[in-house]
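The primary structure of each chain is shown beneath.
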Amino acid sequence: MKNYIKKDEWCIIEKDFHPEYNRVSESLFSIGNGRMGQRGNFEEQYSGDSLQGNYVAGIYYPDKTRVGWWKNGYPEYFAKVLNAPNWIGIDVFVDNDPLDLAQCEVVNFKRVLNMKEGYLKRSFIAKTPGGKDVKVNTRRFLSIVDDDCGVIRFSITPLNFDGKITMIPYIDADVKNEDANYDEKFWDVLEKKAHEQEAYISAKTKKLHFHVCCGMKYEIFRNGHKSDFESEGTVKEKYVAGKTILDCRQGEQIDLVKYTAVLSSLNHKTEDLLEHTRGELEKILAKGYDKLLEEQAWAWKKKWEWSDIEIKGDVAAQQGIRFNIFQLNQTYTGEDARLNIGPKGFTGEKYGGSTYWDTEAYCLPFYLSSAPPEVSRNLLLYRYRHLEKAIENAEKLGFKNGAALYPMVTMNGEECHNEWEITFEEIHRNGAIAHAILDYVNYTGDKDYLIEYGMEVLIAISRFWSQRVNFSEAKQKYVMLGVTGPNEYENNVNNNWYTSKIACWTMQYTMEVIRFVKESNRTRFAEISSKIAFRETDETDRWQEIIDNMYFPKDQEKGIFLQQEGYLDKVIKPVTEIPESEIPINQYWSWDRILRSCYIKQADVLQGMYFFEQEYDEDTIRRNYDFYEPLTVHESSLSPCIHSILAARLRYHDKAYEFYLRTARLDLDDYNNDTSDGCHVTSMAGTWMSVVYGFGGMRIIEGKLHINPFIPGKWQKYDFKILFRGVLLRIDVEGKTVGVRNHSDKEISVFLYGKEQKIGGRASISAFIE
Ligand code: BGC
């Protein structure tokens, strides 16, 4: 755990340069706008340790996989989000010395991520090896208004000399991914141009031939005044630049403003890319830096109006939640149903930027609650569009009749992960995709979605479940053999309770949805039935038969569900008995030892208690929580939030708060020593859930909104917002009272501590905390 980030309500601050944590900082100081993202790398050259990262949403590479022992059914490739041409680069020379913080003495260094207005700032004084002192201030942002564009203002002032400052703004397409399986470079450069004060590179990815055009224009200011300057264009194999040498006086501030546009063939015809890039650049240049910055602040203000959570009395908690919300809003804006949310967002290469079950199980509620419904609808449509591929994926594994198995890891609907225990066995992801449909309809009330798209997806998933189980003569029950539950520290187990539970739930829900669609739109029902050759009676009879006769392992004496049939054969000892020095176990123990141990990576039975809480009484939830939590090592970032929500539900308030802090500051404090790879973006949505579902006790039960807040001991106040059925509500919890304000014109009914109350448009209600 690290503790070098300064606490602040709206900013992430690194004071004094910490080169030893530079990769961690680069992850934390990432910026993004849904269309692209950039790690907190320096503009100027840096010869110290760094992970360069600049990613364009939807542009990936199917890197040939590396597995030891090939299994039939494996996909050929592992998709990688690509490190794209570097748009931020500005090399600087002070007389002849390169400005390189690894070679200079650095004083008064400060790096600030301003989350309120959406920009990254840096300031420092560098003493070059030649004894020249310069003061540097930089600011950059990826515009969320002009989302193909990024802007940088790089200011430099000579402090103790008159002399030459050379500035070389460039675009470099000679980039690679650190995680490339065969150390290959993934870009071919097609076209490059460098004129006066302007340059372009068009590049194409190997194999899939995504085209990206990156262009830049720049301006120079002297002491705040726009200045004429000369610039010499340079074109190399995969690189374009402009070089400007400026004679400067001591104390004179030189600002270089670099405007950049990055456009891709995802959104433009290949032949138009260069021209459109030029057009974007002209547009932003005409607006100018100040206006762009102002628009950025305004657009972020709007985002915060929907999504902010304010906490008073605990700066660490406040900074944590805002950082999480900021990263989520930077990663996904919901304008494009082809895009999704990688576990690291745009902050690193790990997990290849691909889509996991994290989106449906963790991220969706955040976007449902804090953005217009189209945003989450697009997340659902993403899976709808992949339905055919999910059916093909299931066919490859031997399933038939339109059964769909969605991939565990994907970019375009195809599976791209090759570990048999995950690829073939971690099938519970199918259930989360089904559950997301319920969540969406619950929040938005948009039942048309079920008619248009939802039912088709649900039938395909239910078909999969009904073929995946088999009838056990010995047990006279249906069983689900050879699975991996959410707890990846047990593989190939039989009857994982959670997987069987979500399978039965999906089939049940599918039947409800079928009834609804039949009643509300017979024609559409007939249309889909014929499209997918649905034999309603036969198929639903089988689903019901499975639901009625599914085997769920439990222990009567302990009153708990068993994570899997053989779980209690293990030696059961709490995590507290593992020596500190052996934690995290995934770094110290052999895989074999982990698999045989009782230790649980992340919520498994408890994931089911969380999803299906309403089916269980409090004692059942408590017994399961009390049994499993002490055996859980939380070595997935997705674990603490679920535990925080359940702890809150059970009124274990201190525990709930402890887990909250662990998820909220997971990256800021580098809890798991892995933030250098990127931030845990999908688990950040879990942090949001810990506040809203955990402390705020929000639930949607039978289409009604319930709120049951408590306030963690340390806090004076917190508030959060919920968008429910088109009504934006703000919940304020302060001291002993809770207030709910309706920010829309429509009346809404809310259950506050179990008592139904109507709140008129623009009106509020309040109550004492119970
Ligand atoms: C977790 C998975 C998760 C993945 C990506 C793994 O460590 O066990 O549940 O989907 O990370 O976040």
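See the structure printed just above.
The structure displayed is predicted, hence computed values, not measured ones. (Residues numbered from 1 in each chain as written. Predicted model: local features only at pLDDT ≥ 70, side-chain atom pairs only at ≥ 80, totals over all residues. Heavy atoms only, no water.)

What about the nonpolar core?
Item 1. Of all hydrophobic cores here, the largest spans 234 residues; its most connected members are Ile156 and Tyr660.
Item 2. If you tally residues by element for this core, the top one is helix 11 (residues 497–520), at 13 residues.
Item 3. In contact with Ile156, not counting residues within four places along its chain, are Val92, Val94, Val134, Lys135, Val136, Ile165, Met167, Glu252, Gln253 and Ile254.
Item 4. Counting residues in hydrophobic clusters, the runner-up holds 18 residues, among them Cys149, Val257, Leu274 and Ile284. (Core = buried A, V, L, I, M, F, W, Y, C linked by side-chain atoms within 4.5 Å. Buried < 20%, exposed > 50% of the residue type's maximum accessible area, 1.4 Å probe, protein only. Helix = DSSP H or I, 4+ residues; strand = E, 2+ residues; numbered from the N terminus. Contact = heavy atoms within 4.5 Å.)

Section: the site of the ligand
Item 1. Close to the ligand lie Pro343, Tyr351, Tyr356, Trp357, Asp358, Glu488, Lys601, Gln602, Ser636 and Leu638.
Item 2. Contacts to the ligand include Trp357, whose side-chain N or O atom sits 3.0 Å from an oxygen atom.
Item 3. Residue Glu488 places a side-chain N or O atom 3.1 Å away from an oxygen atom belonging to the ligand.
Item 4. For the ligand, the accessible surface in isolation is 310 Å², of which the surrounding protein chains cover 92%.
Item 5. Classifying every residue of the shell around the ligand by side-chain character gives 5 nonpolar, 2 polar and 3 charged. (Near = heavy atom within 4 Å. Polar contact = N/O pair within 3.5 Å; in protein donor to acceptor, adjacent residues only side chain to side chain. Areas by Shrake-Rupley, 256 points an atom, 1.4 Å probe, with all protein chains shown as cover. Nonpolar A, V, L, I, M, F, W, Y, C, P; charged D, E, K, R; others polar.)

Focus: the environment of Arg699
Item 1. With respect to the helices, strands and loops of the structure, Arg699 is situated in strand 26 (residues 699–701).
Item 2. C-alpha separation for the pair Arg699 and Asn672, spaced 27 residues apart in sequence, amounts to 30 Å.
Item 3. The residues touching Arg699, leaving out its near neighbours within four places in the chain, are Glu613, Gln614, Ile645, Arg649, Tyr693, Lys704, Leu705 and His706.
Item 4. At 2.8 Å, the side chain of Arg699 and the backbone oxygen of Tyr693 are in polar contact.

So, a positive patch on the surface
Item 1. A surface patch of positive charge is lined by Lys6, Lys7, Lys15, Lys110 and Lys121.
Item 2. By relative accessible area, Lys6 is classed as partly exposed at 37%. (Patch = residues over 30% accessible without salt bridge, like charges linked within 9 Å, V, L, I, M, F, W, Y side chains within 5 Å. Salt bridge = Lys/Arg side-chain N within 4 Å of Asp/Glu carboxyl O. Lys, Arg positive; Asp, Glu negative; His and termini not counted. Charge placed at Lys NZ, Arg CZ, Asp CG, Glu CD.)

Considering the packing of aromatic side chains
Item 1. For the structure shown, the criterion picks out 53 aromatic pairs.
Item 2. Taken together, a centroid distance of 4.7 Å and an interplanar angle of 40° make the contact between Tyr4 and Tyr21 tilted. With Tyr4 in the segment before strand 1 (5–6) and Tyr21 in the loop between strand 2 (11–15) and helix 1 (22–28), this residue pair connects regions lying 17 residues apart in the sequence.
Item 3. The class for Tyr4 is buried, based on a relative accessible area of 5%.
Item 4. Judged by relative accessible area, Tyr21 falls into the partly exposed class, the value being 24%.
Item 5. Judged by centre distance (5.4 Å) and plane angle (80°), the ring pair of Tyr332 and Tyr367 falls under edge-to-face. Of the two residues, Tyr332 is situated in the loop between helix 4 (315–331) and helix 5 (358–370) and Tyr367 in helix 5; the sequence distance between them amounts to 35 residues. Residues Tyr332 and Tyr367 agree in their burial class; the two are buried.
Item 6. An aromatic cluster is present here, built from Tyr332, Phe366, Tyr367, Trp505, Tyr509, Tyr610, Phe611, Phe612, Trp688 and Tyr693 joined pairwise through their rings. (Phe/Tyr/Trp six-rings, centres within 6.5 Å; stacked < 30°, edge-to-face > 60°.)

Quick look at the side chain of Glu425
Item 1. Among the structural elements, Glu425 can be located in the loop between helix 8 (420–423) and helix 9 (429–444).
Item 2. For the buried Glu425, which has no salt bridge, the nearest side chain bearing the opposite charge is Arg468, at an N-O separation of 5.4 Å.
Item 3. Here Asn492 takes part through its backbone nitrogen, which lies 2.9 Å from a polar atom of the side chain of Glu425.
Item 4. Sequence-distant contacts of Glu425, defined by excluding residues within four places in its chain, comprise Trp420, Gly482, Val483, Thr484, Asn491 and Asn492.

Brief notes about the sheet that holds strand 13 (residues 163–172)
Item 1. Spatial strand order, 8-7-13-19-18: 5 strands in an open sheet with antiparallel pairing. Looking at strand neighbours, the two that pair on one side only are strand 8 (97–98) and strand 18 (232–236), the edges of this open sheet.
Item 2. Note that strand 7 (residues 90–94) and strand 13 share 5 bridges and pair antiparallel. Directly across from Ile90, in strand 13, lies its bridge partner Pro169. (Pairing = 2+ DSSP bridges.)

Points about the environment of Ser264
Item 1. For Ser264, the location among the structural elements is in strand 20 (residues 254–264).
Item 2. By relative accessible area, which is 5% here, Ser264 ends up buried.
Item 3. Sequence-wise, Ser264 and Lys204 are 60 residues apart; in three dimensions their C-alpha atoms are separated by 9.5 Å.
Item 4. Non-local contacts of Ser264, meaning those with residues more than four positions away in its chain, are made with Val56, Ile59, His211, Val212 and Leu273.

Points about the pairing of strand 7
Item 1. Extensive coverage of strand 7 is indicated by the burial of 4 of its 5 residues.
Item 2. Connecting the antiparallel pair strand 7 and strand 8 is a turn made up of 2 residues, with Asp95 showing a positive phi of about 45°.

Re the sheet that holds strand 3 (residues 31–32)
Item 1. Pairing within the open sheet is antiparallel, and its 4 strands lie in the order 3-4-5-6. The open sheet has two edge strands, strand 3 and strand 6 (77–83), and neither has a second partner.
Item 2. Inspection of the sheet shows strand 5 (residues 54–64) paired to strand 6 by 6 bridges, in the antiparallel sense. Its bridge partner lying in strand 6, Lys64 is registered against Tyr77.

Section: helix 10 (residues 448–468)
Item 1. Spanning 21 residues, helix 10 covers 30 Å between terminal C-alpha atoms, matching the ideal 30 Å at 1.5 Å per step.
Item 2. Along its length, helix 10 shows its largest kink, about 60°, at Gly454.
Item 3. Across the 21 residues of helix 10, 17 count as buried, placing the element largely inside the fold. (Expected span 1.5 Å × (residues − 1). Bend = angle between axes of the 7 residues up to and from the residue.)

Observations concerning unusual backbone geometry
Item 1. Here the residue pair Ile583 and Pro584 is connected by a cis peptide bond, since its omega of 0° sits within 30 degrees of zero.
Item 2. One can find Pro584 in the loop between strand 25 (560–561) and helix 14 (585–588).
Item 3. Even without being glycine, Arg762 reaches a positive phi, approximately 60°.
Item 4. Looking at the secondary structure, you find Arg762 in the loop between strand 32 (755–759) and strand 33 (764–768).

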